Every structure is written in C-alpha cells, then in structure tokens.
Amino acid sequence: MSNISKLHPILLTLIGIVAGAIGATSFSPFYFWPSYFITLIVFSILVITSTTAKSACWRGSSVGLGFFGAGVSWVYVSIAEYGQVGVIIAALITLLFISVLCAFWSFSAWLAWRLIQRFTQIPASLWITLSVLLGEFLRSTLFTGFPWLLPGYAIENTWLFELLPIGGIWLTSACVVLTASVIACLLLQETNQLGPIFGLLAVWLGAAYLNYSPVSWVQQTGTLKTTLVQGNVKQDVKWLGDTAVKSLAYYQQETIKHLDSDLVVWPETAITYTYPRIKPYFESFAKELADNNTTLITGIPDVSENNRDYFNAIWATGNGFGLYYKQRLVPFGEYIPFAEYIGPILDVFGMPMSNFKSGDDNQPVLQVGEWGVAPFICYEIVYAEQVRRMVRDSDFLITISNDGWFGTSIGPWQHLQIAQFRAKEAGRYVIRATNTGVTAFINEKGKVVAQAPQFEKTTLTAEAKAFSGITPYVQWGYWPTFLLLGICIVFSYLNGLVLNRKNT
C-alpha cells in the first residue's frame, strides 16, 4: 500500500475510474451491495496516500467520474431523444452534468486530505466520512439538489436497511462511508481506529438485532382498495392534441371499470389539459366517482389566472379533494437555473426550455375520503426531508411519475428503489403510479408487494394499508447520524491523546 503514490498518475486515474464504475452495480437493478464498499475503499486509499491536496482532489475526481458516469448516464436518453439537440450535443451535456456531480467528490477528497493533515488526533476514517457526507449533502441541496445514488442506497439487501426508520438515508450513508474508510485505514495500517470500530460494531449489531427481531414503529389503521392506471403514452406524442384526447378517454374508461376501488391513481400529467380547462368537463365524472365513494388522484398541469405561471400539480377529486403543486423542480427539465444567462446558450443549441413555477413549502396533504395522503411528483420522492416533513399528516404516501423520459435505462429502477427507502423511513405505504413503469405498491417495510410490467398499457389493483404513528427518523431527523459521528469523534480524540502520551 505504501507504494501507491509511486504509481503513474494515469494508472491511478484509471484505477479510480474503474473503482467508481464498479460502485454503480450496488444499486437497483443490480443490487450487488459489496461493490460500493469497494468504490469507497479505493477512494479512501487514494486520498490518504496522496502527497498533496491537489493530487487528492484529482484522485477523488477520477472515482467520481467513474461512479456517476456509470450510475447516471441514463440522463443521456432524455437529452438525446427529447432535447432536440443531436447526439453529439447530448453527449456533451451529459458529460457536463456528470462533471458537475463529480466536482462534489473532488471537493470531498480535497477537504478530507486537508483535515487529515491538519488534525492528526482524529482518525483519517472519520475525516473521510465527514467530508464525503458534507459533499453529498451539498450535492443534495444546491440548486434544488440531486440526491441520487447516495451511499446509503447501496445497502438495501443488508442489515443496515433496518436503520432507516431510526436515522433515515443519512444514517445508513454514514455507516456505509465509515465502514469503507475504516477498512481502508486498516489496510494502510493507520492507527487510532478504535472509536470508529466500536461505533460501527454498535450500529451493525443493532441493525442485525432489528433484522431478526423487528420493531413496529407504526400501527395499521385501515385498508383501501386501490387501482393504478398505467397509460404507457409515448413521450414524443404525449402533448399532441389527438394523443391527449385518446389517453384521457383510456384513463376514464379504465377508471369506470374500477369504481369498486376506494382510490384510483393516474400518473404525472396523465391529463395534459390545464386544470381550469378540464375541471368543468370533469364535473359529471367527479360526481359519478363520489357517488361510488371512489377518489381519483391524477397528475395535471395548472396555470395561474394571468396565464403566466405554470405548475406541475396533483389533483384529488370525486370522494376526495385537494390540489398540490410540485415543490422541487428538476433543473433544466422543469426550470432553468440562471435562465437569464444560460437560456440564450440553450437557444443556440436548439434545446427546449421549461418554465414551471414551484409550489409553497407548507401545502396541505390531499384527502381520500377520511384518509390524508402526502403527495409527491416524480423527482420529489428523492428528498427525504420533504417526505419526513409531510408524513406526519398522512396515512400513506403517493408518488406519481413519468419515467418514460428515460426509456429502457436503469434510471426508472433506481427511482423505484429510492421510493422503497422513503416507505421504510416513514413507516408508510407508498403508492407509485407511472406512465410507462415502474408502477408499484410498496409496503411500510420498504418491500414491493405488487408491480406492473413496464411499457404496457395496463392497470394494477391491490390493497393499500393506511398507518398512523411516526418512526424515530420522522421524529428526530438527522440527530441519530450526528450522535453516531459525535461519539466516534470524541472517543477517537481521547484515544488519540492517550496514544500520543504513550509515544512521548
């Protein structure tokens, strides 16, 4: 290990890229969880053995390039097929997007190296963990953020999955990074690892206990027969007039066939007419739904009274009510950051621009009969804190999406996996209705209990269970993560002082 720095920089860069790419196989649909640990072990070794902050930054960049290049390259599909920019420009935009994500890993590597050199009483494994978590937090929040493929998503098939109701995705992410960095430090024969090791033993053994002796944090309060309608409308014709008429007719016909259901859910923008235009047309249909005690929830665009501001919305009608506006918009998909500067550049490329407005942060949940439903549109389900904030007033969660943008890529499967984590964290069923798949029911334990095939026009009916109560994560948020890292830091610092005295 001590000879790593003597390797040629190009070889080290290639090692980093390959190690990063391997990590993408930990996530859905591959689920080979050890591979992400390999990625982080190599990342940690490359950072610790760097001789300068610049070299650490470059090595971290190589791992990030490999990881995001393999893990989120599916964005190319939407840009190439629907961005109207051509293959070359689409590839360049995808590379730019990957490079931006990679920059957060570069920052984490640079910061970790600086901290390791400056504060030697704290073990390198903790500085790497804190730096990576900070980088991932920034990636998740800046410019609405992109909290996709966070470290904690790699552990669905391990004991650590049971920690989600206690500390959420950030606790599992901390455990993953700390485990990998401790292994790297042990391989490099770094000292003062007792604090992190004891902390990891506690969480891994605690997770094992919860796996074999489950704790029920929430209580079931009822069931709702629910039907999800998957229209499978092609993205390139979705907004055409003829398609809008035919798809709306299909959704209505399928709903009428399932008036014995308590709830029927249509996907994101299943209705392509605006809310003010469709509401009068829906009056008789809504009455028929209400007469059968059936609630319809559908995606629909809305427009302000002055016809200037558009919103991506969810509407509940029939035996329910509510209109929710999407809070978290997709950068470059639903809005353009710094539009006054970037807009003209995209116009040169011929790339269409979107101008949706975001909804307020304090919107009420939707009502389905007597039940409260926390709604999330597409991308919003990846924001754990938004789900945590809204789950208190809900009996179950609904997320509607249109992953048809990403074709047959792995993107929709990663999206489904993220929804499973939200269900486990919140202790709630997640009802997921999509245009092309993956349409599914996810139980409060984060397991898919019913699933429709992709790219088929179909319906999926199952019993969705309503729950009350809140999990420790909903109650405490980040605090279990802070507690774990804080204990490790304090113990390591004290242990470091003891070791220094012995060496003097």
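Criteria and cut-off values
Residues numbered from 1 in each chain as written. Predicted model: local features only at pLDDT ≥ 70, side-chain atom pairs only at ≥ 80, totals over all residues. Heavy atoms only, no water. Helix = DSSP H or I, 4+ residues; strand = E, 2+ residues; numbered from the N terminus. Buried < 20%, exposed > 50% of the residue type's maximum accessible area, 1.4 Å probe, protein only. Contact = heavy atoms within 4.5 Å. Areas by Shrake-Rupley, 256 points an atom, 1.4 Å probe, with all protein chains shown as cover. Expected span 1.5 Å × (residues − 1). Pairing = 2+ DSSP bridges. Salt bridge = Lys/Arg side-chain N within 4 Å of Asp/Glu carboxyl O. Phe/Tyr/Trp six-rings, centres within 6.5 Å; stacked < 30°, edge-to-face > 60°. Lys NZ or Arg CZ within 6 Å of the ring centre and 35° of its normal.

## Some details on the overall build of the protein
Okay, so step 1: Secondary structure assignment for the protein yields 16 helices and 12 strands.
Okay, so step 2: Expressed as lengths along the three principal axes of its C-alpha atoms, the size of the protein is roughly 85 × 55 × 40 Å.
Okay, so step 3: Taken across its 504 residues, the protein has 58% of its residues classed as buried.
Okay, so step 4: Contacts in the protein between residues at least 24 apart in sequence constitute 72% of all its contacts with a sequence separation of at least 6.
Okay, so step 5: Surface accessibility of the protein: about 21200 Å² in total, with carbon and sulfur atoms responsible for 62%.

## Notes on helix H6 (residues 124-141)
Okay, so step 1: Here H6 spans 26 Å end to end across 18 residues, near enough to the 26 Å set by a 1.5 Å rise per residue.
Okay, so step 2: Of all 18 residues that make up H6, 13 are buried, and the element is covered over most of its length.

## So, the pairing of strand S3 (residues 295-303)
Okay, so step 1: With 9 of 9 residues buried, S3 lies mostly within the body of the structure.
Okay, so step 2: Residues Thr 295, Ile 297, Gly 299, Pro 301 and Val 303 point to one face of S3 and Leu 296, Thr 298, Ile 300 and Asp 302 to the other, with burial holding for every one of them.
Okay, so step 3: In this structure, S3 lies alongside strand S4 (residues 310-318), joined through 9 bridges in antiparallel fashion. In the sheet register, Val 303 faces S4, and the bridge partner there is Tyr 310.
Okay, so step 4: The antiparallel pairing of S3 with S4 creates a hairpin that spans 6 residues between the two strands, and Asn 307 there sits at a positive phi of about 60°.

## With respect to the pattern of salt bridges
Okay, so step 1: Under the definition given, this model contains 8 salt bridges.
Okay, so step 2: The salt bridge partner of Arg 139 is Glu 136, with a shortest N-O separation of 2.9 Å. Taken together, the residues Arg 139 and Glu 136, both in helix H6 and 3 residues apart, mark about one turn of the helix. Across this residue pair, the class does not change: Arg 139 and Glu 136 are buried.
Okay, so step 3: A salt bridge links Lys 424 to Glu 162, with the shortest nitrogen-to-oxygen separation between them at 2.9 Å.

## So, the pairing of strand S11 (residues 448-451)
Moving residue by residue along a regular strand, the side chains alternate between the two faces of the sheet.
Okay, so step 1: Inspection of the sheet shows strand S10 (residues 440-442) paired to S11 by 3 bridges, in the antiparallel sense. Counterpart to Phe 441 in the pairing with S11 is Ala 450.
Okay, so step 2: Remark: 5 residues form the turn of the hairpin made by S10 and S11, two consecutive strands paired antiparallel; Gly 446 in that turn has positive phi of roughly 85°.

## Comments concerning the packing of aromatic side chains
Okay, so step 1: Enumeration according to the criterion identifies 32 aromatic pairs in this entry.
Okay, so step 2: Seen in terms of ring centroids, Phe 43 and Trp 105 are 5.4 Å apart; in terms of plane orientation they differ by 75°. Their pairing is edge-to-face. Linking Phe 43 in helix H2 (residues 34-48) with Trp 105 in helix H5 (residues 87-118), this pair joins segments that are 62 residues apart in sequence.
Okay, so step 3: Its relative accessible area of 3% is what places Trp 105 among the buried residues.
Okay, so step 4: Through pairs of rings, three or more aromatic residues link up here, namely Tyr 250, Tyr 251, Trp 266, Tyr 275, Tyr 281, Phe 282, Phe 285 and Trp 315.
Okay, so step 5: One Lys or Arg, Arg 118, reaches over the ring of Phe 119 and ends 4.9 Å from the middle of that ring.
Okay, so step 6: Sitting over the ring of Tyr 383, Arg 328 keeps its end group 4.1 Å from the ring centre.

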